[in-house]
Amino acid sequence: MIPPVPHIGSMAGYALADLSAPAGKRLVSLSQNESLRPPSPAVAEALARAATSPQLYPDPDWTVLREAIADRHEVTAANILCGNGSLDLIGCLARAYLDPGTAALAPAHAYPFFRTATQMTGARFDTASETGATVDVDALLAQVTPETRIVFVANPGNPTGTRISRAGLLRLREGLPGDVMLVIDEAYGEFADHLGERMFDLVERGDTVVLRTFSKAYGLAGMRVGWGLFPPAIAAETRKVMNPNNVALPGQMAAHAALLDHDYMRETCAQTAVLRDAFATRLRAAGYELHESFTNFALIRFASPEAAESANRALRTDGVFLRPQGGAGLPECLRATISVADDMDLAASLLEDWARNGGKR
Ligand SMILES: Cc1ncc(COP(=O)(O)O)c(C=O)c1O
């Protein structure tokens, strides 16, 4: 047997969604926070064009894509890095800035990949308690140690769905030492953009990175395209550990086409919000507890981890897959991606049935 390096041998791998539908049932996957509809029709045309030159390497600088992102968000193209999904960028940041003896810090119910990326480097992963499944700035600041190099905050959060205000993030940044990087992961940012609380200006300080993705509101999860706005010095170090040619040509072209069809993306967000709020209202009427969500999913809280597990089993029998949240420190919760109306109706009906049959919300 060939042993891996010790910190890899002792870490748990990132838990992937289990999508094995029961025989004969249609799989209704509400487990990966994918978009409720395919991307803009312009994407199919872009993919057809990309299909004519697969013998060529993609642009390693994502030039066309990042200029379009820069235009859309009124930021500097040179400070944008694109990734093979934003996961890629999170991993690169961890590799460039963490090593054994250092630590990363995140809220207790943060996106589990922050832990995975940190542990891959041999660094320690610390957490700070949340209040009402919402990032608690004071608790985070209290957990900073001399070893802390990165603070990861997803806003809105996954799996919580909650968000903190721009004022809260500014207070967090002000309270962190200048040599601690703040990574604001806005994978669900488009679902909250209508609130007008942009964070890109914080990058100009030199110690903060803002990440976004095309996987959610733009409906391109299968294309694997994320991006981030980086201070120049952090971008330079991050590029050293990045796989060159990390975003395939179809991904770059698809993301570009999706970005240009801004109205289509906004309509996706609007449709999602209507279905999400109707789903939450219906479940609350059936006695369930849900936090307000600013994303394309809802977090449902049960009376106990056992109750959540029992509801999960019941829904899976009918092919409806929610995502258990033990990995994010919320074993009493299930997360439901907001999908098309029929699928949400089915999920809500099954949860109503489960409660009616004595299940404990
Ligand atoms: C908070 C958060 N960050 C990052 C990601 C990764 O997204 P991707 O790699 O598809 O861009 C996800 C995906 O679910 C997420 O929820």
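Everything quoted here is computed from the prediction, not taken from an experiment. (Residues numbered from 1 in each chain as written. Predicted model: local features only at pLDDT ≥ 70, side-chain atom pairs only at ≥ 80, totals over all residues. Heavy atoms only, no water.)

Engineer: I'd like to hear about the UniProt feature "domain: Aminotransferase class I/classII large" (unreviewed entry) in the chain, residue by residue, with values.
Structural biologist: In the numbering used here, UniProt assigns the "domain: Aminotransferase class I/classII large" (unreviewed entry) feature to residues 27-342. Across residues 27-342 one finds 37% helix and 17% strand; the C-alpha atoms that close the span lie 13 Å apart. (UniProt positions renumbered as here; feature names shortened; annotations may be inferred. Helix = DSSP H or I, 4+ residues; strand = E, 2+ residues; numbered from the N terminus.)

Engineer: Please provide a residue-by-residue account of the site of the ligand, values included.
Structural biologist: Near the ligand there are 13 residues, and of these S86, N158, D185, T213 and S215 occur at the shortest range. Here an oxygen atom of the ligand sits 2.7 Å away from a polar atom, N or O, in the main chain of S86. Contact distances for the ligand include 2.8 Å between an oxygen atom and a side-chain N or O atom of K216. Expressed as a share of its isolated accessible area of 400 Å², the protein-covered part of the ligand is 93%. Classifying every residue of the shell around the ligand gives 5 nonpolar, 5 polar and 3 charged. (Near = heavy atom within 4 Å. Polar contact = N/O pair within 3.5 Å; in protein donor to acceptor, adjacent residues only side chain to side chain. Areas by Shrake-Rupley, 256 points an atom, 1.4 Å probe, with all protein chains shown as cover. Nonpolar A, V, L, I, M, F, W, Y, C, P; charged D, E, K, R; others polar.)

Engineer: Help me get a handle on the nonpolar core, residues and values and all.
Structural biologist: Residues F114, F214 and F230 are the most contacted members of the largest nonpolar core, which totals 77 residues. Counting the residues that make up this core, at least three belong to each of domain 1 (6-38 + 263-356) and domain 2 (42-261). Other than its neighbours up to four places away in sequence, F114 contacts I90, A106, F125, F152, A154 and D185. F279, L283, L322 and W354 belong to the second-largest nonpolar core, a separate cluster that totals 28 residues. (Core = buried A, V, L, I, M, F, W, Y, C linked by side-chain atoms within 4.5 Å. Buried < 20%, exposed > 50% of the residue type's maximum accessible area, 1.4 Å probe, protein only. Domains from an automatic or database assignment. Contact = heavy atoms within 4.5 Å.)

Engineer: Could you give an account of the sheet that holds strand β9 (residues 289-290), with specific residues and numbers?
Structural biologist: Taking strand neighbours across the sheet as the criterion, the 4 strands line up as β9-β10-β13-β12 in an open arrangement whose pairing is antiparallel. Sheet topology places β9 and β12 (323-324) at the edges, where each strand pairs with a single neighbour. With 2 bridges joining them, β12 and strand β13 (residues 333-337) adopt antiparallel strand pairing. Of the residues in β13, the one forming a bridge with R323 is R335. (Pairing = 2+ DSSP bridges.)

Engineer: Give a description of the packing of aromatic side chains that names residues and reports values.
Structural biologist: Counting across every chain of the model gives 9 aromatic pairs. Ring geometry for Y14 and F113: centres 5.5 Å apart, planes at 85 degrees, overall edge-to-face. Pair noted here: Y14 is in the loop between α1 (6-9) and β1 (28-29) and F113 is in helix α5 (residues 113-120), with a separation of 99 residues, a long-range link. Between the aromatic rings of F302 and W354, the centroid separation amounts to 5.5 Å while the plane-to-plane angle is 80 degrees, which identifies the pairing as edge-to-face. With F302 in the loop between β10 (297-301) and α11 (305-317) and W354 in helix α12 (residues 341-356), this pair connects stretches of sequence that are 52 residues apart. For F302, a relative accessible area of 4% puts it in the buried group. Here the aromatic cluster, defined as three or more aromatic residues joined through ring pairs, consists of Y14, Y111, F113, F114 and F152. The cationic tip of R316 hangs over the ring face of F321; the distance from NZ or CZ to the ring centre is 4.1 Å. (Phe/Tyr/Trp six-rings, centres within 6.5 Å; stacked < 30°, edge-to-face > 60°. Lys NZ or Arg CZ within 6 Å of the ring centre and 35° of its normal.)

Engineer: Tell me about the pattern of salt bridges, and name the residues and values.
Structural biologist: One pass over the structure, following the stated rule, counts 23 salt bridges. K240 serves as the salt-bridge partner of E237, at 2.9 Å between the closest nitrogen and oxygen. Of this pair, E237 and K240 are both found in helix α8 (residues 232-240), 3 residues apart, which corresponds to roughly one turn of the helix. A relative accessible area of 32% places E237 in the partly exposed class. Looking at K240, the relative accessible area reads 63%, which means it is exposed. (Salt bridge = Lys/Arg side-chain N within 4 Å of Asp/Glu carboxyl O.)

Engineer: Pulling in residues and values, what's your account of the domain arrangement of the chain?
Structural biologist: The domains assigned to the chain are domain 1 (6-38 + 263-356) and domain 2 (42-261). Inter-centroid distance (C-alpha atoms) of domain 1 to domain 2 is 24 Å. The partner domain 2 presents 33 residues to the 31 residues of domain 1 that form the contact. Here domain 1 and domain 2 share an interface that buries about 2500 Å² over both sides, 63% of which is from carbon and sulfur atoms. Three residues, Y14, M265 and F294, lead the burial of domain 1 against domain 2; their summed loss comes to 26% of the area buried on that side. For the interface between domain 1 and domain 2, the tally reads 0 salt bridges. At the junction of domain 1 and domain 2, the tally comes to 12 residue pairs in polar contact (both at pLDDT 80 or more). Secondary structure elements with two or more residues in the side of domain 1 that touches domain 2: α1, α10 (262-285) and β10. Ranked by residues supplied to the side of domain 1 that touches domain 2, first place goes to α10 with 7 residues. Taken together, the residues of the side of domain 1 that touches domain 2 sort by class into 11 nonpolar, 13 polar and 7 charged. (Buried area = accessible area lost by both parts, 1.4 Å probe.)

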